[in-house]
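# Secondary and tertiary structure notes
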Amino acid sequence: MFADLHLHTYFSDGTYSPEELAAQAQRHSLGAVALTDHDTVEGCVPTASACAAAGIEFIPGTELTAEQGGHEIHILGYCMDRENPRLLAEIGKFQIVRQNRIREMVARLNQLNVPLQAETVFALANCRAPGRPHVARALVKAGLCGSLDEAFERFLKKNRPAWVPKFKMSADHAIALLHQAGAVAIMAHPGLNRCDEVIPTMVDAGLDGIECFHTKHSTVTVERYLEIADRFRLLVTGGSDCHGSSKGKPVMGTVKLPYQHVEKLKARAAEIKTAIAVTGP
Ligand code: AMP
Ligand code: ZN
Ligand code: FE
Ligand code: FE
């Protein structure tokens, strides 16, 4: 049995509905999936139902944007208490920051004589955690860019004229926030961030594992992170990071994580929950 532990829906910057996600997971014969929308957990309830109807195990998750040593790092949280007040309060702040950032990116586009409106982006995004892919899609839909790639290349990539940096919490804080919500904290796609030097610090902060398998990790990269996970006694996870068609082709099915890693992840989540029940969050 195989799993995909890194998936997005239209509750953040993916295009799949919960039902489409479950149908695609079924098509790829996945036995278990996790939803990891950016800075939100609201897709978990409908996706859990869609997966239950499709006979697929569902693991609730989220992907937080964090920073360590000047590098942007994404921290995946799994098996959290979806109603944890601190987690909901903090991601709520992030959602407002994301909405303000959209307004700022649109203002920059307008200064460049690109006539896009923030409301157009919000209507298209129709979610609490809008991001650059929504701006890119709105630009393409309005005929202002020929493709999503063009939108990123001309305007939205880091240091391009409409790029606005995103507020990030520290990785230590993200890990602690997830732990107090009963969640396991995993470093997402380290091969994309290229800052392995921060791993020991994050391990000291309680990092539980690394996403060794990812669509954009080459075989050599996978081997490298399996070795690092082994050295630091970290959990191993993996997922496709499929966003449906919002970043080109859907990539679900390109990463198939052996189920034994899901069992270890769930065992760690149970340990974390026991620890917070004993000591309080
Ligand atoms: P944000 O969270 O708003 O900064 O947006 C980040 C999202 O944009 C991530 O899902 C990235 O994969 C996506 N993204 C970043 N750069 C590009 C690019 N050059 N082309 C397409 N998508 C990108
Ligand atoms: Zn995304
Ligand atoms: Fe990410
Ligand atoms: Fe992701």
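Residues numbered from 1 in each chain as written. Chains lettered and ligands numbered in written order. Predicted model: local features only at pLDDT ≥ 70, side-chain atom pairs only at ≥ 80, totals over all residues. Heavy atoms only, no water.

Time to look at the coordination of the iron ion (ligand 4). Distances from the iron ion (ligand 4) to its protein donors, His6 (NE2), His8 (NE2), Glu63 (OE) and Asp241 (OD), fall within 2.1 to 2.3 Å. Around the iron ion (ligand 4) sit four donor atoms; with metal-centred angles ranging over 75 to 162°, the donor geometry is irregular. Taken as a pair, the iron ion (ligand 4) and the zinc ion (ligand 2) show a spacing of 4.4 Å. Residue His8 is found in the loop between β1 (2-7) and α1 (18-27), and its partner Asp241 is found in the loop between β8 (235-239) and β9 (257-258); the two are separated by 233 residues along the sequence. As far as burial versus exposure is concerned, His8 and Asp241 are alike and both buried. (Donors = N, O, S within 2.8 Å, 3.2 Å for Na, K, Ca; no water. Tetrahedral: all angles 85-135°; square planar, octahedral: opposite > 155°, others 65-115°. Helix = DSSP H or I, 4+ residues; strand = E, 2+ residues; numbered from the N terminus. Buried < 20%, exposed > 50% of the residue type's maximum accessible area, 1.4 Å probe, protein only.)

Once that is clear, we can look at the environment of Asp149. Along the polypeptide, Asp149 turns up in helix α6 (residues 148-156). A sequence separation of 98 residues divides Asp149 from Lys247, and the C-alpha atoms of the two residues are 8.4 Å apart.

Applying the stated criterion across every chain yields a total of twelve salt bridges. Put simply, Glu153, Lys157 and Arg160 are held in one network by salt bridges that share partners. (Salt bridge = Lys/Arg side-chain N within 4 Å of Asp/Glu carboxyl O.)

Turning to helix α5 (residues 132-141), its buried residues are Pro133, His134, Val135, Ala136, Ala138 and Leu139. Tucked into the core, α5 has its buried residues touching α3 (85-111), α4 (118-125) and α6. Taken from the residues just after α5, Gly143 is the one with a positive phi, measuring 75°. (Contact = heavy atoms within 4.5 Å.)

Bringing the site of ligand 1 into the picture now. Surrounding ligand 1, one finds Asp13, His38, Arg98, Arg101, Gly131, Arg132, Pro133, Phe152, Lys157, Lys166, His243 and Lys247. Measuring from an oxygen atom of ligand 1, one finds a side-chain N or O atom of Arg98 at 3.3 Å. Note that an oxygen atom of ligand 1 is positioned 2.8 Å from one of the backbone N or O atoms of Arg132. Contact with the protein chains hides 78% of the accessible area of ligand 1, taken as 500 Å² for the molecule alone. Contributing elements (two or more residues each) for the shell around ligand 1: α3 and α5. In the shell around ligand 1, the residues fall into two nonpolar, three polar and seven charged. (Near = heavy atom within 4 Å. Polar contact = N/O pair within 3.5 Å; in protein donor to acceptor, adjacent residues only side chain to side chain. Areas by Shrake-Rupley, 256 points an atom, 1.4 Å probe, with all protein chains shown as cover. Nonpolar A, V, L, I, M, F, W, Y, C, P; charged D, E, K, R; others polar.)

It is worth spelling out the coordination of the zinc ion (ligand 2) at this point. Taken together, Asp13 (OD), Asp13 (OD), His38 (NE2) and His243 (NE2) make up the full set of protein donors to the zinc ion (ligand 2), lying 1.9 to 2.5 Å away. Every donor residue of the zinc ion (ligand 2) comes from the same chain, spaced as D-x24-H-x204-H. Separation of the zinc ion (ligand 2) from the iron ion (ligand 3) amounts to 5.9 Å. Taken as a pair, His38 in the loop between β2 (32-35) and α2 (44-53) and His243 in the loop between β8 and β9 lie far apart in primary sequence, 205 residues in all. When sorted by exposure, His38 lands in the same class as His243, which is buried.

With that settled, the discussion passes to the pairing of strand β3 (residues 57-68). Within β3, ten of the twelve residues are buried, which leaves the element mostly enclosed by the surrounding structure. As paired elements, β2 and β3 share four bridges and run parallel to each other. In the sheet register, Ala32 faces β3, and the bridge partner there is Glu57. Here β3 runs beside strand β4 (residues 71-78); their pairing, made up of eight bridges, is antiparallel. Directly across from Leu64, in β4, lies its bridge partner Ile75. Remark: two residues form the turn of the hairpin made by β3 and β4, two consecutive strands paired antiparallel; Gly69 in that turn has positive phi of roughly 55°. Looking at chain direction, β3 and strand β5 (residues 169-170) are connected through two bridges and run parallel. (Pairing = 2+ DSSP bridges.)

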